[in-house]
Amino acid sequence: MSPADFIDPLQAGRQVERIRRLAFAGLLTLSVLLVRLFMIQVLEGDQFHRRASLQSSRVRQVLPERGEILDRNGDLLVGNQPGLRLRYFPDRGGDPDSTIEFIQANVPLAPADLPDLVRSVARTRPYRPETIIKRMSRDTLARISAHSFEHPELEIQTAPLRRYPHGPLAPHLFGYLGEVNDGELGERKHVGLFAPGDVIGKQGVELTYDLLLFGTKGVEKFRVDASGRVQELIEATPARPGWDLRLTLDLETQRAAEAAMEGLRGAVAAIDPENGDVLALVSHPDFDPELFIGGINHEDWRVLREDPGHPLIYRPLTGMYPPGSTYKPLTAWAAMEEGVITPDEEIYCPGQYRLGRRTFRCWRAGGHGKVDMRRALKESCDTYFYEVGRRLGIERLAQYGRLAGFGRKTGIDLENEKGGLVPDPAWKQRLGREPWQEGETIIAAIGQGSVLVTPLQLARFYAFIANGGHLVAPRVRAGFEHTDRPAVTEPVALPVSTVVPASDVWLDVIRDALEAVVHEPRGTGGWSRIRGIRVAGKTGTAQVVRQDKREEELAENLRDHAWFAAYAPADKARIAVAVVVENGGHGGDAAAPVARKVMEAYLR
Amino acid sequence: MARESRTFDVTEYTILAPIVTLMGIGLLSLSSAVTEAQAPVLYKQATWFGVGLLMILVVSRLDYRWIASMSLPFSIVVCGLLAVVLVAGVSGGGSQRWIGIGPIRLQPSELAKLAAVLWAAHWSANHPRVGGARALNLIVPSVVLFVMVGLVMLQPDLGTAVAILVAGFGVLFVAGIDRRVLYSIAGTGVIGAIFSWFFLLRPYQKQRIVGFLNPEADPLGIGYHTIQSKIAVGNGGVWGSGFGQGTQAALHFLPEQHTDFIFSVWAEEWGFVGGTILLLLFAGIILWLARAAIEAKDTLGRLLAAGIMVHFILHIGVNIAMVLGLAPVVGLPLPFLTYGGSAALTNCLAIGLVISVRERRHIF
């Protein structure tokens, strides 16, 4: 017996009471835990069950092979080649500095900004993998995979790379590939399945038809443990390769057009007058698409951007030039439709034209004498069209210009097309400039002043003359096909050509005159003649009126732009072409030979 | 006294049934949680349980009065071991808690919990005060407790330090403390908590408290333990995923799953049904301890059983509350389930001691 048992008899009772309270508190605690257990396991069990299965499985995407790009005859234009890239997963641990050190030791020519990239990715968005080397050699692969165990944060992945068997051919048209950026991810949210690191089309048809070329991703679902190690494959859906895109482009015509433009600045647009199929689209100077495989480096990009020849601009669609005399057939057509002149009426050309107090020159200082419409077109008499333009007035001239497809985009299936400009008083008013002058009307009638067209629009206008008033919708897509699947020719509705109410009688007059331009003496387009084939065309010389020109460029860019627009064969046209040679001088000398080579290549 | 040998009552050993069941649950859950390479852990724990059961039988045959009379030397030995830990201990998990004796790793801070109960009960039984102890009376028993607590804090092991303090002062509280003293202790506790937040707690301890208050704020950081154990428990549902089928623990999403989070392994594999059974077993042990305390024939026996009851309530309550996300992550092992020889041994010694109290309750 201890002293406590004798000193205070009441003490024992009080102690027992406290023990009861403590035991009660203990049982109460257990009850609370039981309720909590019930909440987690029974009431919220499903929710936790989902989270459990979510974190014990990993889904890996299997990338499909990208579709190839073919020409109208099935020749390969853009193919694929196997590529390797190195991706960095910051959340898999590892010190960024040791990662950087390892890469610099094992990857020759690692980009200079690599340390900054790795550190910033590790700091700012550690849960998102980042491609740090876009194109790797087999040697590098061997060296990195030998150490993959020590660097789980680095993963080598196959990367889709393009192959260009014809070198720098139509690089703007094809476009290039690049990793999807945040903005593009947002735009593609509704399509689903796109994830950071995916390689998508950035320009040209690679962009327009990206979803079809891309294919369908496959999915592999794995069970993994907490450190991400794969335990087993649960399910797999194979990837479906993308559709091959067959273009309307004709490889031989495109090649001939590019060869003809060698050393020149300018553009060629050639289409099939019957259906708007684009046969060739050339923009010179251009660039080597090889530079873009696996991503262009900063230095190459800077050089391209700062090149005074602007090789990145896609001139046939985005280059806007005054059409010069190639616009005269439009003025002629409008005037005959409106009845302000007949083909036979003669107008006297003394070499200049007086309007009020101003004098406008004809390009031929001595004058053409008396000219009718056929001769006015054939010899490109300015005075004749000044008078016709004055009779028409600007409203009607602009209205017919819009009917012929000028002043708005053609709707070709490529991005960033420009619409050109058909000036009228309303346009000047919108810009807040001084009222329209009649002088501007007669300048517009010969395709100068504020009129701006793209080479593609002009080619379509000449197709319009040739096919009797059908304003075709240009397109580069012929269809989609796949070796395992039946070909799809029209998966997406194509814009159809618009039929313009043009009288064949008047168009015949123009067609006859355009043939004379090429084949008759004193015609301005003799340089485009092809042996055995009748060609119809029109020269043009556009004064340089670039609004964004800088002072230092002015001197070398002062020469006129040379135009030639044509179609052939003249009786049943199969090709319509527009050529512009920047600062090429007179259209007949600089542009007509190019057009001839393009038409010849296609028709032979 | 002559009847003592004849008072040996086999029925008191029925408490071994729930304890052996809990040990079995512990081993089952452990086998689910460890990988094949870690299988030795299983045999080690089974061996510790065997030793522990043997200790129950041995201690229960000894007179608790004799054991209590040895409490001061026992406490001094424990303090010595705690000092050895600090000087030559084995590190793990950011603190120094073990001493290696050949293949055995001993964690003296576990023994300190029992030493605290023994010492407090022994002292209280020998220094009764009418109306309860006053502040001055508490100085002597507190010194021994605070030496142990201080040594454990130096490791640092906050959870164990709190457990020693609660068990020791739990005994003093049951023995009787003047009300005013009780209130001032509570007040000191609050001030101490604020003081330790700013001056004593290590950053990882503060993080755990922050993580407990808002585990989803940083799911892969501070709150990881809590979220993962809740996912595991919830994944079990009503009937559980079945033995060996717990994906969360087996795939090692669960942290420290064979130490402090073993309950979540059990709850995932055996569900709400298994969890309830486990809680009922613990409730049975608490009730048995309470009855032992209430029916003890003397103050010493009463205080010993009461202190051990407080010890069990604290460990069961805090550990499971932690696993279910109701308490911060503190390193208090779940009795008979958490892997660890020292804890198993300490709990078995404690149970043996209470059986000894039960056996001798009719002797006068």
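Residues numbered from 1 in each chain as written. Chains lettered and ligands numbered in written order. Predicted model: local features only at pLDDT ≥ 70, side-chain atom pairs only at ≥ 80, totals over all residues. Heavy atoms only, no water.

1. Things to note about the overall build of chain B
In step 1: In terms of helices and strands, chain B carries 14 helices and three strands.
In step 2: Burial statistics for chain B: of 364 residues in total, 57% are counted as buried.
In step 3: Partitioning the contacts of chain B with sequence separation of at least 6, the portion at a separation of at least 24 is 75%.
In step 4: For chain B, the exposed surface amounts to about 14500 Å²; the carbon and sulfur share of it is 71%. (Helix = DSSP H or I, 4+ residues; strand = E, 2+ residues; numbered from the N terminus. Buried < 20%, exposed > 50% of the residue type's maximum accessible area, 1.4 Å probe, protein only. Contact = heavy atoms within 4.5 Å. Areas by Shrake-Rupley, 256 points an atom, 1.4 Å probe, with all protein chains shown as cover.)

2. Here we look at the packing of helix 5 (residues 108-126) of chain B against helix 14 (residues 341-359) of chain B
Two measures define how a pair of helices packs: the angle their axes make with one another and the distance between the axes.
Residue and element names in this part refer to chain B.
In step 1: Axis separation between helix 5 and helix 14 bottoms out at 7 Å; the angle between their running directions is 25°. Judged on the interaxial angle alone, helix 14 and helix 5 are roughly parallel. Contact residues: helix 5 offers Glu110, Leu111, Leu114 and Leu118, while helix 14 offers Ser342, Ala343, Thr346, Leu349, Ala350 and Leu353.
In step 2: When the residues that make up the contact of helix 5 with helix 14 are grouped by side-chain class, the tally is seven nonpolar, two polar and one charged. (Axes fitted to C-alpha atoms, helices over the stretch in contact; angles between N-to-C directions. Parallel < 35°, antiparallel > 145°, perpendicular 65-115°, else oblique. Nonpolar A, V, L, I, M, F, W, Y, C, P; charged D, E, K, R; others polar.)

3. Remarks on the interface of chain A and chain B
In step 1: Taken residue by residue, the interface counts 43 residues in chain A and 59 residues in chain B.
In step 2: Of the roughly 4400 Å² buried at the junction of chain A and chain B (both faces included), carbon and sulfur atoms supply 70%.
In step 3: Inspection of the chain A/chain B interface yields zero salt bridges.
In step 4: Seen at the junction of chain A and chain B, the total is eight residue pairs in polar contact (both at pLDDT 80 or more).
In step 5: Listing elements by their share of the side of chain A that touches chain B, those giving two or more residues are helix 1 (4-7), helix 2 (9-43), helix 3 (45-55) and strand 8 (218-224) of chain A.
In step 6: Sort the elements by how many residues they give to the side of chain A that touches chain B and helix 2 of chain A lands first, with 23 residues.
In step 7: Residues belonging to the side of chain A that touches chain B are distributed by class as follows: 23 nonpolar, 11 polar and nine charged. (Buried area = accessible area lost by both parts, 1.4 Å probe. Salt bridge = Lys/Arg side-chain N within 4 Å of Asp/Glu carboxyl O. Polar contact = N/O pair within 3.5 Å; in protein donor to acceptor, adjacent residues only side chain to side chain.)

4. Describing unusual backbone geometry
All names here are of chain A.
In step 1: Across the junction of His284 and Pro285, the peptide omega takes the value 0°, indicating a cis bond.
In step 2: For Pro285, the location among the structural elements is in the loop between strand 12 (278-284) and helix 12 (298-306).
In step 3: Pro569 follows Ala568 through a cis peptide bond whose omega is -15°.
In step 4: Relative to the assigned elements, Pro569 resides in the loop between strand 22 (561-568) and strand 23 (575-581).
In step 5: The phi dihedral of Ala170 is positive, around 45°, even though this residue is not glycine.

5. Considering the sheet that holds strand 11 (residues 266-271) of chain A
Residue and element names in this part refer to chain A.
In step 1: The strand order across the open sheet formed by five strands is 12-11-23-22-21, and the pairing between neighbours is antiparallel. Single-partner strands in this sheet number two, and they are strand 12 and strand 21 (536-542). Averaged over all pairs of adjacent strands, the angle between strand axes in this sheet comes to 5°, irrespective of strand direction.
In step 2: Relative to strand 12, strand 11 runs antiparallel, the two being bridged by six bridges. What sits directly across from Ile271, in strand 12, is Val278. (Pairing = 2+ DSSP bridges.)

6. Overview of the confidence of the model for chain B
Residue and element names in this part refer to chain B.
In step 1: Scored by pLDDT, chain B has a mean of 83; 84% of the residues are at 70 or more.
In step 2: When pLDDT is averaged over each helix and strand of chain B, the minimum, 59, is found for helix 11 (residues 247-250) and the maximum, 94, for helix 13 (residues 299-323).
In step 3: Below pLDDT 50 for its whole length, residues 1-6 participates in four contacts with residues either more than four positions away or in separate chains.
In step 4: For residues 217-222, every residue scores under 50 in pLDDT, and the model assigns this stretch eight contacts once sequence neighbours within four places are set aside. (pLDDT = per-residue confidence, 0-100.)

7. Description of the packing of helix 6 (residues 139-153) of chain B against helix 7 (residues 158-175) of chain B
Residues and elements named next belong to chain B.
In step 1: Between helix 6 and helix 7, the least distance of the axes is 8 Å, while the angle of their chain directions is 170°. Comparing their axes, helix 7 and helix 6 come out roughly antiparallel. Judged by the sense of rotation from one axis to the other, the crossing of helix 6 with helix 7 is right-handed. Together, Ser142, Leu145, Phe146, Val149, Val152 and Met153 of helix 6 and Leu158, Thr160, Ala161, Ile164, Leu165, Gly168, Phe169 and Leu172 of helix 7 make up the contact between the two elements.
In step 2: When its residues are assigned to classes, the contact of helix 6 with helix 7 shows 11 nonpolar, three polar and no charged. (Left-handed = near helix turned anticlockwise from the far one by under 90°.)

8. Side note on the nonpolar core
Most often, soluble globular proteins have nonpolar side chains that are buried together.
In step 1: Of all hydrophobic cores here, the largest spans 110 residues; its most connected members are Met148, Phe263, Phe282, Ile320, Ile351 and Leu353 of chain B.
In step 2: Among the elements that line this core, the one with the most residues is helix 12 (residues 262-295) of chain B, at 17 residues.
In step 3: Sequence-distant contacts of Ile351 of chain B, that is, excluding residues within four places in its chain, are made with Ile15, Ile19, Ile56, Trp288, Phe312 and Phe336 of chain B.
In step 4: Membership of the second largest hydrophobic core comes to 97 residues, among which are Val278, Leu471, Val500 and Val509 of chain A. (Core = buried A, V, L, I, M, F, W, Y, C linked by side-chain atoms within 4.5 Å.)

9. A few points about the pattern of salt bridges
In step 1: Going through the model one piece at a time under the given rule, you end up with 40 salt bridges over all chains.
In step 2: With a closest N to O distance of 3.5 Å, Glu379 of chain A and Arg522 of chain A form a salt bridge. One end of the pair, Glu379 of chain A, is in the loop between helix 15 (373-378) and helix 16 (382-392); the other, Arg522 of chain A, is in the loop between helix 21 (504-519) and strand 21, with 143 residues separating them in the sequence.
In step 3: On the accessibility criterion, Glu379 of chain A (2% relative accessible area) is buried.
In step 4: Here Arg361 of chain B ties to Glu12 of chain B by a salt bridge, and the two come within 3.0 Å at their closest N and O atoms. Taken together, the residues Arg361 of chain B in the segment after helix 14 and Glu12 of chain B in the segment before helix 1 (16-33) connect sequence positions 349 residues apart.
In step 5: Taken together, the salt bridges that share partners define one network made up of Arg66, Arg162, Glu206 and Asp210 of chain A.

10. Overview of the packing of aromatic side chains
In step 1: All told, the structure shown has 18 aromatic pairs over all chains when counted by the stated rule.
In step 2: A centroid spacing of 5.6 Å and a plane angle of 85° characterise the contact between Phe461 of chain A and Tyr462 of chain A, whose relative ring orientation is edge-to-face.
In step 3: In this structure Phe461 of chain A comes out as buried when scored by relative accessible area, which is 1%.
In step 4: Their ring planes at 25° and their centres at 6.1 Å tell us that Phe312 of chain B and Phe336 of chain B sit as a pair that is stacked. Separated by 24 residues along the polypeptide, Phe312 of chain B in helix 13 and Phe336 of chain B in the loop between helix 13 and helix 14 bring together distant segments of the chain. In this pair, the class of Phe312 of chain B matches that of Phe336 of chain B, namely buried.
In step 5: Taken together, the aromatic side chains of Tyr327, Trp333, Tyr400, Phe406, Phe461, Tyr462 and Phe464 of chain A make up a single cluster linked through ring pairs.
In step 6: Positioned above the aromatic ring of Phe173 of chain B is the side chain of Arg18 of chain A, whose terminal nitrogen or guanidinium carbon lies 5.8 Å from the ring centre.
In step 7: Over the ring of Tyr64 of chain B we find Arg65 of chain B; its NZ or CZ atom is 5.7 Å from the centre of that ring. (Phe/Tyr/Trp six-rings, centres within 6.5 Å; stacked < 30°, edge-to-face > 60°. Lys NZ or Arg CZ within 6 Å of the ring centre and 35° of its normal.)

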